[in-house]
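Structural overview
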Amino acid sequence: MKKNNSKKIKKNGNGKNLMDSNIPKGPLSQKWTLHKSKINLVSPSNKRLIDIIVVGTGLAGASASATLAELGYNVKTFCFQDSPRRAHSIAAQGGINASKNYQGDGDSTHRLFYDTIKGGDYRSREANVYRLAEVSGNIIDQCVAQGVPFARDYGGLLDNRSFGGVLVSRTFYAKGQTGQQLLLGAYSAMNRQIGRGKITMYNRHEMMDVVIKDGKARGIISRNLINGEIQRHGAHAVVLATGGYGNVFFLSTNAMGSNVSAGWKIHKKGALFANPCFTQIHPTCIPVSGEHQSKLTLMSESLRNDGRIWVPKKIEDVKLIREGKLSPTDLNEKDRDYYLERRYPAFGNLVPRDVASRAAKERCDAGYGVNSTGEAVYLDFSAAINRYGKEEAHVKGLDENDADLVKKLGQEIVRSKYGNLFQMYEKIVDQNPYEMPMMIYPAVHYTMGGVWVDYNLMTSIKGCYAIGEANFSDHGANRLGASALMQGLADGYFVLPYTIGDYLTNDIRTGKIDISAPEFEKAENQVKSQINKLLKNKGQNSVDYYHKKLGKIMWDKCGMSRNEKDLKSAINEIKRLREDFHKNVFVPGNDKEYNEELAKAGRVSDFLELGELFAKDALERNESCGGHFREEFQTPEGEALRNDKNFTFVSAWEYNGEPSNAIMHKENLNYQEIEVKTRSYK
Amino acid sequence: MNGLALSSLAKKYSMALSGLFLVFFLFQHFTINFISIFSKDMFNQVSHFMGNNLLVQFVLQPILIFGVIFHFVMGLILELDNRKSRSQNYYMTKGSANSSWISRNMIFSGIVILSFLALHFYDFWFPEMKYKYYHFSPLDPNRYYEEMIHKFVSPARVLMYSVSFIFLSLHLLHGFSSSFQSMGINIKYISFIKILTNAFAIIIPFGFILIAVFHFYNSH
Amino acid sequence: MNLILKIWRQPNSKSKGKMVTYPVENVSPDMSFLEMIDMLNEKIILKGEDPVAFDHDCREGICGMCSMFINGQAHGPDRLVTTCQLHMRKFRDGDTIIVEPFRANAFPVIKDLIVDRSSFDRIQQAGGFISINTSGNTQDANAIPIEKDDADKAFDAATCIGCGACVASCKNASAMLFVSAKVSQYSLLPQGKVEATDRVLNMVNQMDEEGFGNCTNTGACEVECPKGISLENIARLNREFLISKVKT
């Protein structure tokens, strides 16, 4: 199979020229500047003649819409939520990276670039990442000017904190709600343009398909979710800012509505889909409590600064704990297995996300999980409470041996650092984390893979762009904390508005796109027939039934660790599930009303295709890197084993009728500025 | 927006300002009434001044009447406006969980107070106006105290009077401090204002009741 | 536990709605309120009927999309939570729970428990922004120091999630807490002061046009707000509006 594919790659790759990454020439640090000064511009009077569609209003979509409208283009923006402010970027907690070096700790554009490449386990595109680091500082300037209330110190200047995997403090934050504040900033910039009439906003509208005419994206078909109306929208360019596809796992930290459909529709129309198997599984989430669970809640990674992760050493103790006959607080130190500290003495509890997640899974798979489902480990703050309490007692001149006093003082310190997270935990789990160790388990969080784009963020369909989490470009095989917000805003505010102009210079004389063209009609009819098919299906299972089943296959066989056997069986199972879905799914109601089941059915149908490609991609990548861990490729100590010789490439998949027939194209990654090294946390 | 074309905030300010003005008047009225407890002569003297001073009678009195009417009319407009903003009501609401009864029912306490004012006008103001400006009766600087005492003989009247002042107290408990919030007084001073206004809202109306009860017992 | 739900059902904005009773069984106390509704819907769907439509998205209390009026209170009986963060352990076996949409003329019902809150968007479009282009060619982020206290207060105001619980809880359906949160955020920051006058006048004007009621300082909004936005912000809005009126 693999042989066949590689043959096709060459032919297709050369024939169609799908894979030109268009990286500008010149030294890495000059590429973006030179590129910007050379690309074509559209004059202000001509921008008025050009329409752009933006789908999605998260950080990338909102910032792009606002900036494009400011530049003078006519923008039409779509979101499925009731307001652009609700996009899931709003839920990001930790912060946003920028190489401002305000702390004077030696940060620089190059250092941010290097950390991001290394964090991505050397599977991201060097030129894109450098550009990201380069514009990161501008983002902060922009957001402050917009009125984003970042945290400040007593001198009135911006405060920073440090995040996993780096040696400097470069993360700007607004308590635990950085994503919310940044998104509301971009939303306010959008509102200004909506008020001026430069953006037409379509809330509660879902993109159903892209329309391609003469090889160029010329519009979309949308569905009004309130009354079911199918609409045609023409534009000279289409921008997808539709986020990640973590919900293919059913349970993830994504919002309920997050979906892959927009990206998948353009994939089926010719856009390549890159690295679908690169998924980030975040180690500190609240465990699943039962069958009824609809989504998972993330707790900031900063908790691992003070919490120690452990499970009991003896399986008898695990049993007693699960039966409620033993409290974890009563277990002796010598009966506890602080497995991260044991396995990674150098980094301990602060190993990167992918490593911490896998280690938790390893313990739980061995039967040491501490809750009734067997999928939870302890995150214990008692040592930190004790340590802080003693320090505080010492500072205040109180008795350091008074256990109750020390505990009280220590809890106060912990409360001041993580109070809101502890409260959130208590609301959900109904246990006091100051007294009992927290229970945590990894959960799907972010997808590094996505629609393949070139340096200009254009997909392999001309005039169709993908920005933010929807594209694949900047995070390689693993994303560092506080980099997602940075990428979304960089793409939307500072990259796309320049690069899209280069393409649009050819469209100043095109005139309005004619939506009565046969291409629009055909696309509309296709959408309508898909909807009718779903509604006419007289099946007996709900949409969620299939979504949950798909999620279970994905989690069990394409989750934190993967192997050839499971991946092959996942491919078959997903295919069968998809066939069953189209035979036996039941969608109530009709298409002329608000019908959430219908919308969900469309999304799950796309997840059922993506899931298979995901597994196929994971099967083809015979190495372990970042979030992708293949059991066959590990060191004797159980660490990830990268294969740089054969796999330093982006796998970009071309749709070919069925996910199983997808054709893989390789974009080789060339690192000029940095030396590719092995990551070690021992 | 309603026909008066006032912004919601303009209505809010006018409620607050007219309310504060009435609070000021109430304080003045209370002071004079309070004098009646310990000095009949002084009460007569002050009442005579208030009743015959040209400035008080022809400038302040009309302003006051306008203030009362304005506060009431504006309150009614607000109430009607606010009812219009939710034409389909809830099947179940639990207002007690998030706000005080009185803050939600200012219109009722206001109507009780207004009814009391009608009685009060009937008792004092109309006879007074008739006496002075219709019959052109001779000036009698010593009639006021006796006239007042006469009104507090009936226990039913004293009871009605007391009940009205309890409603006034409730009305003030929300309204007085609320008018500062409406005028945008910074929260830093609110706790201080809250204590002051609450004290006022309790002491003054109960003071009025005390005066009525005092004269009731004295006259029996 | 077993519960009786009385839920507002209304097929669309034009039709009349009514309360419909549904029993639900085997509810786990660890479920969130929305997961309990999911369970009910699964049953309704398998019967071939129309499931209860409700708004929801992030299910972690930050997007502001969920909006149920439960037992007479916006987002239910718990404090400082949204509907999605409300857990069934707040209820007892055998309880009857009344579920209605957020009601206000400015929030017309779309279907069942879903309401149209685009009036909030239009208020923001009228002035909820700083008129600065997103070119990145602004001054350095640290060029203007901002007193920590002001920055913190601006942040507290900015945490509003725009869910509309304030409007739903207010007996007058007033949107003052929502509007004041945005006005406050910007009026506390030097960047926002430049156009403070126009902003407050335009936003209040839009708020009135949308048909929200008048604020009578009952304070219900502050108590029911899932993010604890303070009434202090309304006082600040009152002040800012007055000053702006005097100026213009």
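About the criteria used
- For every chain, the first residue of the written sequence is number 1, and numbering continues from 1 along that sequence.
- As a convention, the first chain written is A and the first ligand written is 1, with the rest following in written order.
- The predicted origin of the model limits local features to residues at a pLDDT of at least 70 and limits the giving and counting of side-chain atom pairs to 80 or more, whereas totals for whole chains, interfaces and linings rest on all residues.
- Each helix is a run of H or I in the DSSP string that is no shorter than four residues. Each strand is a run of E no shorter than two, and both are numbered from the N terminus.
- In this scheme every C-beta is placed from the backbone, and a residue whose C-beta has 20 or more other C-beta atoms within 10 Å is buried, one with 12 or fewer is exposed, and one in between is partly exposed.
- With C-beta atoms placed from the backbone, a contact is any residue pair whose C-beta atoms sit within 7 Å.
- When residues are sorted by character, Ala, Val, Leu, Ile, Met, Phe, Trp, Tyr, Cys and Pro go into the nonpolar class, Asp, Glu, Lys and Arg into the charged class, and all the rest, Gly among them, into the polar class.
- Read the arc as the range of directions from the helix axis to the C-beta atoms.
- Here a strand pair is declared whenever DSSP counts at least two bridges between the two strands.
- Only buried Ala, Val, Leu, Ile, Met, Phe, Trp, Tyr and Cys residues enter a nonpolar core, and they are joined through C-beta atoms within 7 Å.
- Orientation is described by lines fitted to C-alpha atoms, with helices fitted over the stretch in contact, and by angles between N-to-C directions that extend from 0 to 180 degrees.
- All the domain ranges listed were derived from an automatic or database domain assignment.
- Expected span of a helix, by definition, is 1.5 Å for each gap between consecutive residues, and there is one gap fewer than residues.
- Between 65 and 115 degrees an angle is taken as roughly perpendicular, under 35 as roughly parallel, over 145 as roughly antiparallel, and anywhere else as oblique.
- Crossing handedness is read from the near helix: turned anticlockwise from the far helix by less than a right angle, it gives a left-handed crossing, and turned clockwise, a right-handed one.

**Let's talk about the overall build of chain A**
Helix and strand counts for chain A come out as 19 helices and 19 strands. If you line up chain A on its principal axes, its C-alpha atoms span 80 × 60 × 50 Å. Per-residue burial over chain A gives 58% buried out of 682 residues.

**Some thoughts on the overall build of chain C**
Check the secondary structure of chain C and you find nine helices and seven strands. With respect to the three principal axes, the spread of C-alpha positions in chain C is 60 × 35 × 35 Å. The burial tally for chain C puts 62% of its 248 residues in the buried class. Contacts in chain C between residues at least 24 apart in sequence constitute 70% of all its contacts with a sequence separation of at least 6.

**As for the interface of chain A and chain C**
Each partner contributes to the interface: chain A provides 65 residues, whereas chain C provides 67 residues. For the side of chain A that touches chain C, the element with the most residues is helix α7 (residues 178–195) of chain A, which contributes nine residues. Tallied by class, the residues present in the side of chain A that touches chain C amount to 23 nonpolar, 26 polar and 16 charged.

**Points about the arrangement of the chains**
Across the two pairs of chains in contact, the largest number of contacts is found between chains A and C. At no point do chain A and chain B touch; the closest pair of C-alpha atoms across them sits 20 Å apart.

**Describing the interface of chain B and chain C**
With 34 residues of chain B at the interface, the matching set in chain C holds 39 residues. Of all the secondary-structure elements, those providing two or more residues to the side of chain B that touches chain C are α1 (8–38), α3 (54–84), α4 (101–104) and α7 (155–182) of chain B. For the side of chain B that touches chain C, the element with the most residues is α1(B), which contributes five residues.

**Some remarks on helix α2 (residues 31–38) of chain A**
All names here are of chain A. Residues Lys31, Trp32 and His35 constitute the buried set of α2. Projection of α2 onto a plane perpendicular to its axis shows the buried side chains occupying an angular sector of 90°, all on one side. Residues of α2 that are buried sit in contact with α6 (126–145).

**A closer look at the sheet that holds strand β4 (residues 73–74) of chain C**
Residues and elements named next belong to chain C. Spatial ordering of the open sheet is given by β2-β1-β5-β3-β4, a layout of five strands whose pairing is mixed. Edge strands, defined here as strands with exactly one partner in the open sheet, are β2 (18–24) and β4. Relative to β4, strand β3 (residues 68–70) runs antiparallel, the two sharing two bridges. Within β4, the position partnered with Ile70 by the bridge is Gln73.

**What to know about the nonpolar core**
Counting residues in hydrophobic clusters, the biggest one holds 294 residues, and the most contacted among them are A:Val239, A:Leu240, A:Tyr465 and C:Val167. Ranked by residues supplied to this core, first place goes to helix α18 (residues 596–620) of chain A with 12 residues. One finds B:Phe165, B:Leu170, B:Phe208 and B:Phe216 within the second-largest nonpolar core, a separate group that totals 15 residues.

**Some details on the sheet that holds strand β12 (residues 308–312) of chain A**
Pairing between the strands of a sheet comes from backbone hydrogen bonds, and it takes one of two forms, parallel or antiparallel. Residue and element names in this part refer to chain A. Read across the open sheet, the five strands follow the order β11-β15-β14-β12-β13; overall the sheet is antiparallel. Edge positions in the sheet fall to β11 (279–285) and β13 (336–337), since each has one partner strand and no second. Against the sheet, helix α11 (residues 353–368) contacts β11, β12, β14 (377–380) and β15 (438–447), and its axis sits at roughly 70° relative to β11.

**A few points about the domain arrangement of chain A**
Residue and element names in this part refer to chain A. As far as domains go, chain A holds domain 1 (21–278 + 448–669) and domain 2 (283–442). Using only C-alpha atoms to locate each centre, domain 1 and domain 2 end up separated by 34 Å. On the side of domain 2, 21 residues touch domain 1, which itself brings 16 residues to the contact. Tallied by class, the residues present in the side of domain 1 that touches domain 2 amount to four nonpolar, 12 polar and no charged.

**Quick notes on helix α15 (residues 518–536) of chain A**
In this model α15(A) runs 26 Å from its N-terminal to its C-terminal C-alpha over 19 residues, within 8% of the 27 Å that 1.5 Å per residue would give. Residues of α15(A) that are buried make contact with β6 (205–213), β7 (216–224), β8 (230–234) and α18 of chain A.

**Focus: the domain arrangement of chain C**
Residue and element names in this part refer to chain C. Taken domain by domain, chain C comprises domain 1 (3–111) and domain 2 (118–131 + 139–247). The distance between the C-alpha centroids of domain 1 and domain 2 comes to 29 Å. With 18 residues of domain 1 at the interface, the matching set in domain 2 holds 16 residues. Of the residues that constitute the side of domain 1 that touches domain 2, the class distribution is 10 nonpolar, seven polar and one charged.

**Quick word on the environment of B:Val68**
Residue and element names in this part refer to chain B. By the element assignment, Val68 lies in helix α3. For Val68, a count of 18 C-beta atoms within 10 Å puts it in the partly exposed group. Considering only alpha carbons, one finds Val68 and Glu79, 11 residues apart in sequence, at a separation of 16 Å. Once residues lying within four places of it in the same chain are set aside, the contact partners of Val68 are Leu22 and Leu117.

**Re the packing of helix α2 (residues 118–127) of chain C against helix α7 (residues 196–209) of chain C**
Two quantities define a packed helix pair, namely the angle between the helix axes and the distance between the axes. Residue and element names in this part refer to chain C. For the pair α2 and α7, the least separation of the axes is 8 Å and the interaxial angle reads 155°. Taken as axis vectors, α2 and α7 run roughly antiparallel relative to one another. As for the relative orientation of α2 and α7, their crossing is right-handed in sense. Side by side, α2 and α7 meet where Arg122, Ile123, Ala126 and Gly127 of the first sit next to Asp198, Arg199, Asn202, Met203, Asn205, Gln206 and Met207 of the second. A per-class count over the contact of α2 with α7 returns four nonpolar, four polar and three charged.

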